[in-house]
Amino acid sequence: MNYNDTIIRLRYALNLSNQDVIRLFAMGGVKITQKDLDRILTKQEDDSQPDQALSAHDLEVFLNGLVIDKRGERLDKDGQVVPPTFDMTKADLVNNVAIKKIKIAMAYTSDDLQQLLALAGAKVSNGELSAILRRPDHRNYRPAGDRYLRKLLAGMGKKYR
């Protein structure tokens, strides 16, 4: 799945305006222009490179902005702001990290994720979902395919639209 497609689908599901998307990028730490946004929101061909219009880092910046917008900035025990993490270091981590960040931003539980996936027609067991949400170095970690992220975003679209 192309990275900009994730933003397009999330924008639809959450009914975000162009200004909202620009604001979320800014909250994540990257300032984009309307021209950049138009390029990001242009649908790519399915067989094109996933990062042709948007890099994995920029997708994670957007998701970090979404987390900050919905949940606030994370603070340490001394009350200092903790900078957001950037975990999309490899292509096979992108879907897992995106699902985790959406889960955090929207304050979803595992049951909520299963309900959203079921709305889109995907039946996912607790063990399967747990494997997707684990850290990559855990022995039960499993990379999430495009199917999981696509179905989650479709379920969100059905729930919120």
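Our subject is the structure that appears above.
The numbers attached to residues start from 1 for each chain and follow its sequence in the written order. Thresholds applied to this predicted model are a pLDDT of at least 70 for local features of residues and 80 or more for the giving and counting of side-chain atom pairs; totals over whole chains, interfaces and linings are not thresholded and use all residues. The basis for every side-chain value is the complete set of non-hydrogen atoms in the structure, without hydrogens or water.

Caption draft 1: Here's a closer look at helix H1 (residues 3-13). The cut-offs for exposure are 20% and 50% of the maximum accessible area for each residue type, with area from a 1.4 Å probe on protein chains only; residues under the lower value are buried, those over the upper are exposed, and the others partly exposed. Secondary structure counts use DSSP, requiring at least four H or I residues in a row for a helix and at least two E residues in a row for a strand, with both numbered from the N terminus. Among all positions of H1, only Tyr3, Asn4, Asp5, Thr6, Ile7, Leu10 and Ala13 are buried. The contact criterion used throughout is that any non-hydrogen atoms of two residues lie within 4.5 Å. Each element contacted by the buried residues of H1 is listed here: helix H2 (18-28), helix H3 (34-40), helix H4 (56-71), helix H5 (94-105) and helix H8 (146-160). Positive backbone phi, at 55°, marks asparagine 15, one or two positions downstream of H1.

Caption draft 2: Just H5, in detail. Take the residue count of a helix, subtract one, and multiply by 1.5 Å to get its expected span. Between its terminal C-alpha atoms H5 stretches 16 Å, which fits the 16 Å expected from 12 residues at 1.5 Å a residue. For H5, every residue scored as buried is listed here: Val94, Asn95, Asn96, Val97, Ala98, Ile99, Lys101, Ile102 and Ala105. Buried residues in H5 make contact with H1, H4, helix H7 (126-133) and H8. Following H5 by one or two positions, alanine 107 adopts a phi angle in the positive range, close to 55°.

Caption draft 3: Quick look at empty space enclosed by the protein. Cavity: a set of points on a 1 Å grid over the protein atoms alone where a 1.4 Å probe fits but cannot get out. Pocket: an open set with protein on both sides within 12 Å along at least five of seven lines, its lining residues, like those of a cavity, having an atom within 4 Å of a point. Grid points are joined across faces, edges and corners, and a volume is the space filled by probe spheres set on the points. On inspection of all chains with the given rule, the structure shows one cavity of 30 Å³ or more. Put simply, the largest cavity is a space of about 40 Å³. Lining the largest cavity we find Ile99, Leu113, Leu117, Leu129, Ile132, Tyr148 and Leu152. Counting only elements with at least two residues in the lining of the largest cavity, the list comes to helix H6 (110-119), H7 and H8.

Caption draft 4: Structural detail: the pattern of salt bridges. Salt bridges are defined by distance alone: a side-chain nitrogen of Lys or Arg within 4 Å of a carboxyl oxygen of Asp or Glu. Taken as a whole and assessed by the stated rule, the structure comprises eight salt bridges. Arginine 23 is paired through a salt bridge with aspartate 20; the nearest N and O atoms lie 3.5 Å apart. With arginine 23 and aspartate 20 both in helix H2 and three residues apart, this pair spans about one turn of that helix. Overall, the relative accessible area of 35% leaves arginine 23 in the partly exposed class. By relative accessible area, which is 22% here, aspartate 20 ends up partly exposed. A single network of salt bridges, built from pairs that share partners, joins Asp5, Arg9 and Lys43.

Honestly, it's all geometry; don't read function into it.
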